[in-house]
Amino acid sequence: MSVTVSSPADDTPLLRVSSVSKSYGARTGCEDVSFELWPGEVLAVVGESGSGKTTLLNCISSRLMPTSGTVSYRMRDHTWRELYRMSEAERRFLMRTDWGFVHQNPADGLRMTVSAGANVGERLMAVGDRHYGNIRSTAIDWLGRVEIGADRIDDEPRAFSGGMRQRLQIARNLVTSPRLVFMDEPTGGLDVSVQARLLDLLRGLVADLGLAAIVVTHDLAVARLLSHRMMVMKDGRVIETGLTDRVLDDPREAYTQLLVSSILQV
Amino acid sequence: MATPLVVSEVAKGFTMHLRGGLKLPVVDDVSFSLRAGECAVLGGPSGAGKSSILKMLYGNYSVDTGQIIVQHRGMLVDIARAAPRVVLSVRRETIGYVSQFLRTVPRVSALDVVAEPLTTAGADREAARDSAAALLARLNLPKTLWSLPPATFSGGEQQRVNIARGFITSHPILLLDEPTASLDAVNRQVVIDLIAEKKQAGVALLGIFHDQDVREAVADAVIDVTRFAPKKVAA
């Protein structure tokens, strides 16, 4: 019996990663990683500290030049561009508009000495918005979506709690309607109750906006809640990949079984 | 669409790497098909692999060998080999699943948990909530609970939320993993009625039921899972 796997015409990946490796001298960061990411798809990259997941994230988000391999991105005009053949200015523009990057530590992704409103507005100005009233109202709207009151718009993020800072960083990233967002341990360092709220918020935003996202986390519960698909990394290599619930409920590789069996039950 | 799902020669085992690579065969040579408008029941004792079969059909468990062919968007898809995003598309449109336990999401109300499969398929949020409310009312879940997250609900209340979430869509195939396990007689009857309505609508159902009375009320065919027991290989 011949079987055709359905592939609708509009089904083109957004990002293609081919054989990406990064070594630091003799030490391996990540090795021979290939995958594709489709619009609206959330991919979790899991593994313990030192498994190469952050190195991989940095390589595919233009923050760290890989030693070998290519990263190609489908632009809004449907042309494919190879990331490391773009000019530095083009890459930075992409990073400020069509992409977002949510850091584990909000201070790395925010400007701590300007107001919350300006943090959000700055990204809008990068895409050419110059109308102060529009920028302010869009900023208020986005602060509301991440559950920060409009009365905090003129406060600096220094005056915010960790959870609020992280929500502000998310608003700052999403305000330009990016198509692809990278997240490095987005809930790391937050209290569990704050984590749950943030996860729920992220889950809703990702679904509503149809975002593609790559989420690096060592927390399998975060991967379960946020992602469609999972890659498990060990010693710089991808050792198992598949649908998130399949990998977690029926792990095949020894290391994945160890990770899953190490989750604490509450 | 008389046979929307065909399972052929499926085998599955677990390799327990943390137990020195111990191999646990689960099922072998699983072959059956589902018919539209009928409810088939997986029969056999605990541990025979009934839940594992349901989970393979849903793409939740991997398949070692064999095929699970489903009619999806006018094409044939092999769940055993399909890419993750194809499996997700099948779950959105073609195969529904009522699991034994509800996996709750923090802060999401019971009503929205039930409405979610419709809204992710693109339905209007208010219309989806109306359908969700109608189902929860039918399953006698007190209205005071609808706006609360189900994490703190009793087992039976969670199960009813889970059932409503599974039955709200119009998937042509519906898998049921002991949907009546923690329900009282009144609500068991509601589930029996809901299954009958799905059959009327031409849905192919496959279920595991431990209640004898529910099984007798809904089953059009019984698939004896013990015939798929792995053969002992002669040493």
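Before reading on, note that the structure itself is shown above.
This section reports on the structure supplied with the text.

Rules and cut-offs
Residues numbered from 1 in each chain as written. Chains lettered and ligands numbered in written order. Predicted model: local features only at pLDDT ≥ 70, side-chain atom pairs only at ≥ 80, totals over all residues. Heavy atoms only, no water. Helix = DSSP H or I, 4+ residues; strand = E, 2+ residues; numbered from the N terminus. Rg over C-alpha atoms; globule rule 2.2 N^0.38 Å. Buried < 20%, exposed > 50% of the residue type's maximum accessible area, 1.4 Å probe, protein only. Contact = heavy atoms within 4.5 Å. Lys, Arg positive; Asp, Glu negative; His and termini not counted. Charge placed at Lys NZ, Arg CZ, Asp CG, Glu CD. Buried area = accessible area lost by both parts, 1.4 Å probe. Salt bridge = Lys/Arg side-chain N within 4 Å of Asp/Glu carboxyl O. Polar contact = N/O pair within 3.5 Å; in protein donor to acceptor, adjacent residues only side chain to side chain. Nonpolar A, V, L, I, M, F, W, Y, C, P; charged D, E, K, R; others polar. Pairing = 2+ DSSP bridges. Axes fitted to C-alpha atoms, helices over the stretch in contact; angles between N-to-C directions. Parallel < 35°, antiparallel > 145°, perpendicular 65-115°, else oblique. Left-handed = near helix turned anticlockwise from the far one by under 90°.

1. Considering the overall build of chain B
Tallying secondary structure elements over chain B gives seven helices and nine strands in all. Over its C-alpha trace chain B gives a radius of gyration of 18 Å, about what one expects of a compact globule, namely 18 Å for 235 residues. For chain B, the C-alpha atoms occupy an extent of roughly 60 × 40 × 35 Å along the three principal directions. Buried positions account for 50% of the 235 residues belonging to chain B. Partitioning the intrachain contacts of chain B with sequence separation of at least 6 by distance along the chain shows that 68% fall at a separation of at least 24. Taking the average place of the 26 positive charges on the side chains of chain B and the average place of its 23 negative ones, the gap between the two points comes to 6 Å.

2. Some details on the interface of chain B and chain A
Taken residue by residue, the interface counts 33 residues in chain B and 33 residues in chain A. Both sides of the chain B and chain A interface together cover about 2800 Å² of buried area, and 55% of this is carbon and sulfur. On the chain B side of the contact with chain A, Leu18(B), Arg85(B) and Arg107(B) bury the most area, a combined 22% of that side's loss. Here Asp64(B) and Arg252(A) are joined by a salt bridge, their closest N and O atoms 2.9 Å apart. At the boundary of chain B with chain A, the tally comes to 13 residue pairs in polar contact (both at pLDDT 80 or more). Mapped onto the side of chain B that touches chain A, the elements with two or more residues apiece are β1 (5-16), β4 (65-72), β5 (75-78) and α2 (84-93) of chain B. Across the side of chain B that touches chain A, the residue classes tally to 15 nonpolar, eight polar and 10 charged.

3. A look at α2(B)
Of the residues making up α2(B), those classed as buried are Val86(B), Val87(B), Leu88(B), Ser89(B), Val90(B) and Arg91(B). Buried residues along α2(B) sit in contact with β10 (237-243) and α9 (244-249) of chain A together with β4, β5 and β6 (95-98) of chain B.

4. Examining the pairing of strand β2 (residues 22-34) of chain B
Residues and elements named next belong to chain B. Inspection of the sheet shows β1 paired to β2 by nine bridges, in the antiparallel sense. Residue pairing in the sheet places Val7 in a bridge with Phe32 of β2. Between β1 and β2, which pair antiparallel and follow one another directly, the connecting turn spans five residues, one of which, Gly20, has a positive phi of 65°.

5. Some words on the sheet that holds strand β6 (residues 99-102) of chain A
Strand-to-strand pairing in sheets goes through backbone hydrogen bonds, with the strands running parallel or antiparallel. Reading across from one edge, β6-β7-β8-β3-β9-β10 (chain A) is the order of the six strands in this open sheet, with mixed pairing throughout. Unpaired on one side and paired on the other, β6 and β10 of chain A mark the two borders of the sheet. Mean inter-strand twist for the sheet, computed between neighbouring axes without regard to direction, equals 15°. Direction of pairing for strand β3 (residues 42-46) of chain A relative to strand β9 (residues 229-234) of chain A: parallel, over a ladder of four bridges. Residue pairing in the sheet places Leu43(A) in a bridge with Arg229(A) of β9(A). Relative to the sheet, α2(B) contacts β9 and β10 of chain A, its axis offset from that of β10(A) by approximately 20°.

6. Let's talk about the packing of helix α3 (residues 110-120) of chain B against helix α5 (residues 155-167) of chain B
All names here are of chain B. Put simply, α3 and α5 touch, their axes get as near as 7 Å, and they point 25° apart. Put simply, α3 runs roughly parallel to α5. Viewed along their axes, α3 and α5 form a crossing whose handedness is right-handed. Contacts between α3 and α5 involve Ala110, Val113, Val114, Glu116 and Pro117 on the former and, on the latter, Val161, Ala164 and Arg165. A class-by-class count of the residues in the contact of α3 with α5 yields six nonpolar, no polar and two charged.

7. Brief notes about the sheet that holds β5(B)
Residues and elements named next belong to chain B. What the four strands build is an open sheet, ordered β2-β1-β4-β5; its pairing is antiparallel. Looking at strand neighbours, the two that pair on one side only are β2 and β5, the edges of this open sheet. Across the sheet, the axes of successive neighbouring strands diverge by a mean angle of 30°, strand direction being ignored. As paired elements, β1 and β4 share five bridges and run antiparallel to each other. Within β4, the position partnered with Val7 by the bridge is Ile68. Across the sheet, helix α1 (residues 50-57) touches β1, β2 and β4, and the angle it forms with β2 is around 65°. In the packing of α2 onto the sheet, the strands contacted are β4 and β5, and the crossing angle to β4 comes to about 50°.

8. Brief notes about the pattern of salt bridges
Residue and element names in this part refer to chain A. For the structure shown, the criterion picks out 33 salt bridges over all chains. Salt-bridge contacts for Arg172 lead to Glu122; the nearest nitrogen and oxygen are separated by 2.8 Å. Of this pair, Arg172 sits in helix α6 (residues 162-174) while Glu122 sits in helix α4 (residues 116-126), and the two are 50 residues apart along the sequence. Looking at Arg172, the relative accessible area reads 13%, which means it is buried. Since its relative accessible area comes to 28%, Glu122 is described here as partly exposed. Between Arg136 and Asp154 there is a salt bridge, and its shortest N-O distance comes to 3.4 Å. Placement of Arg136 in helix α5 (residues 132-145) and of Asp154 in the loop between α5 and α6 is noted, with a sequence separation of 18 residues between them. Among the residues examined, Arg136 registers a relative accessible area of 28% and is labelled partly exposed.

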